[in-house]
Amino acid sequence: MDASARLGLAYLAPGQLQKHVTLNETLTRLDALVQTRVVSRSTAAQPSAPADGDLHILPASPAGAAWAAFHQHDLVRFEAGGWAVVAAVPGALAWVEAEGQFVVRGPAGWTPLGQVLGAVQELGRLGLNTTADAANPFAARINKALWTAIATGDGGDGDLRMTFNKEGAGDVGSLLFQSG
């Protein structure tokens, strides 16, 4: 075996000459893949003055002296004056600075994390635009909310019900409207 199974990191071979080259390539790859931070995934023109270590996910039709040879969805890194593709395995997670969101590498490219998750279960707390706490494990600071039934054509039954279920007859079930 010449490389690790998951990330394809090159192993040093016994008696290998210039081991520093192999080791440096492996460290560069790790630097790109551990806590991956991408500058952009929509910049089509190769930047003229990138910083060492800058990563980009290429959009369709990348342009530039080096980028023209790459493909859509390639993860590319600028290092020591040149651009190179960093192979990202399916499931790789990257933070895209320009969008302020995480994306996940899949068979068809990079997809926002929220679309990949599909379902989030067993949360202890959820805060939308605010902080949830022990007394209010679900907290939302919003101006409008919409609840829409799933249509029969989409697999639902068309009904929309909200149920407030209290533990016992002596417990309070209420809907409180207040200001402040």
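What you see is a predicted model; the values in this text were computed from it and never measured.

Asks: If you had to explain the packing of aromatic side chains to someone new, which residues and values would you point to?
Replies: If you walk through the whole model with that rule in mind, you get three aromatic pairs. With 5.2 Å between their ring centres and 75° between their planes, tryptophan 67 and tryptophan 83 make a pair best called edge-to-face. Of the two residues, tryptophan 67 sits in the loop between strand E2 (55-57) and strand E3 (75-79) while tryptophan 83 sits in strand E4 (residues 82-85), which places them 16 residues apart along the sequence. Across this residue pair, the class does not change: tryptophan 67 and tryptophan 83 are buried. Ring pairs connect the aromatic residues Trp67, Phe78 and Trp83, which therefore count as one cluster.

Asks: Help me get a handle on the sheet that holds E2, residues and values and all.
Replies: Spatially, E2-E3-E4 is the arrangement adopted by the three strands of the open sheet, whose pairing is antiparallel. Taken across any chain shown, the strands that pair with only one partner, and hence form the sheet edges, are E2 and E4. Averaged over all adjacent pairs, the angle separating strand axes in this sheet is 25°, with direction ignored. The pairing of E3 with E4 spans four bridges and is antiparallel. Within E4, the residue paired with valine 76 across the bridge is valine 85.

Conventions and cut-offs
Residues numbered from 1 in each chain as written. Predicted model: local features only at pLDDT ≥ 70, side-chain atom pairs only at ≥ 80, totals over all residues. Heavy atoms only, no water. Phe/Tyr/Trp six-rings, centres within 6.5 Å; stacked < 30°, edge-to-face > 60°. Helix = DSSP H or I, 4+ residues; strand = E, 2+ residues; numbered from the N terminus. Buried < 20%, exposed > 50% of the residue type's maximum accessible area, 1.4 Å probe, protein only. Pairing = 2+ DSSP bridges. Axes fitted to C-alpha atoms, helices over the stretch in contact; angles between N-to-C directions.

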